[in-house]
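# Survey of secondary and tertiary structure
Take a look at the letters that make up each chain.
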Amino acid sequence: MSMTVLIASPVPAQAAPARAKPKAKAIATGVAARKATPAAAVDPALAAAIRNEAGGKIADFYQSRGFRPLWTTLQGRIGTAAQEFLQYLDEAEVDGLRSSRYKPDALREAIARSDQGGAVEIAKADVALTKAFVRYVADMRKVRNVGMTYVGKGLKPAKVADSTILRVAALKNFGDYVRAMGWMSPHYLRMRSALRAAERKGADRETLSVLRLNVERARVLPSPAVRHIVVDAAAARLYYYQDGEQVGSMRVVVGARETQTPMLAGYVNWAIFNPYWNVPDYLVRDNVARKILSGRTLDSMHMQALSDWSAQPAVLDPATIDWQAVRDGRQDLRVRELPGAWNSMGKVKFLFPNDEGIYLHDTPNRDLLVKEDRHLSNGCIRLEDAPALGRWMMGKSFGTKSEAPEQAVPLPAPVPVYLTYLTATAGTKGVALLADVYGRDGRRGERPEPLL
């Protein structure tokens, strides 16, 4: 996989794979429910000051936690999470936002006064930070049009209520949540870090434009607390997430330049065991018909010709077919490959509704998965370890004892899958741009860039 090194500055590595049990609920911010930490004792004077300072939905949030502060330590000082948050605000332009909208200088002044003052000053700083945090998170979750098609409700990030943002933030260790920017995808953090480093190193305008585009592509992806799958077609790699962790990752084969894997989000809801493979029309014309005319047989290729595209088609006698007409494109013909070790779908495929006919599937062609450039498919995603992904999605219901073809097994719960295209990555010498295989970045060409 070709790439151009741009910046000798590291970006955060992906979280190490971890095992986690599935949880059934997720909330609107894209963060699954987490166990709340035990409530600490509330200083009565500080609680009273917060009650007087907070208003509206912010007051409702503080009231729900007994007017405990969010940013203040047990020692009565604004904690380190505030400094990390302020750094985000200083760099808000990296997120496509205006730093001045969140008034970071005023927040610093409020924190300084809280260090020298009492409960009232601490309450003012804590509430001000919370208000800025709500605005910043809500703004970060506003997506731009990057060419992603959403098939199904709840996939496109929607406007998030203040109460939801705060409820999620307070469910676990708030400092860790802020530090990890837990309301965003790990892929967003990688793209954001790359852009920030490029801006600091003075990268050229085209490079910065490509990196900003990647930031926006990653913005639409959920937080890792949502149980979901990401397929990055640029890197030809799949990741899956749950309970705030990356649970697994694997190589995949994705669409070639001529048959691209689209940017698409949907819900995986079925596993098909022992699948047929319906051969695309152009392959029937250019491959199957050509081989038949050269002396091969459908039986030798483990294939059948069918009368139509209905659920119960008749199997045609190959001798009755005008193969030259099929080869010339004058006759359309449905051909399918039978289940078995040779089948291009492997032992299982995972379906999610979409008009592109894209799905995830096993593959017998293991040699393709060790290639550096894995843009080789007709658009669907061939999996390095389909059983591992299947067990994660389906648990004990994965698998079947029967060898019958096309056995459809529903998933216990639909799993969101996001097919994206992220052309920035971490190389051995820093941030790098992958080859723009699909030509979606608007680059002038794959010209070499100097190390910055």
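As a starting point, this report considers the structure included with it. (Residues numbered from 1 in each chain as written. Predicted model: local features only at pLDDT ≥ 70, side-chain atom pairs only at ≥ 80, totals over all residues. Heavy atoms only, no water.)

### Notes on the packing of aromatic side chains
Counted under the stated rule, the structure contains 16 aromatic pairs. Each ring, one from Phe133 and one from Trp183, has its centre 5.3 Å from the other, and the planes form 90°; the classification is edge-to-face. Placement of the pair is Phe133 in helix 5 (residues 119-140) and Trp183 in the loop between helix 7 (174-179) and helix 8 (186-200), with a sequence separation of 50 residues. Assigned by exposure class, Phe133 and Trp183 land together as buried. With centroids separated by 6.4 Å and ring planes inclined at 80°, the aromatic side chains of Tyr136 and Trp183 adopt a geometry described as edge-to-face. Within this pair, whereas Tyr136 is found in helix 5, its partner Trp183 is found in the loop between helix 7 and helix 8, the two being separated by 47 residues in sequence. The pair Tyr136 / Trp183 is uniform in exposure class, with both members buried. (Phe/Tyr/Trp six-rings, centres within 6.5 Å; stacked < 30°, edge-to-face > 60°. Helix = DSSP H or I, 4+ residues; strand = E, 2+ residues; numbered from the N terminus. Buried < 20%, exposed > 50% of the residue type's maximum accessible area, 1.4 Å probe, protein only.)

### Section: the sheet that holds strand 10 (residues 303-306)
Strand order in the open sheet made by the three strands is 9-11-10, with antiparallel pairing throughout. Every interior strand has two partners, whereas the edge strands, strand 9 (277-278) and strand 10, have only one. Pairing of strand 10 with strand 11 (residues 334-337) involves four bridges; the strand directions are antiparallel. Bridge pairing links Gln304 to Arg336 in strand 11. (Pairing = 2+ DSSP bridges.)

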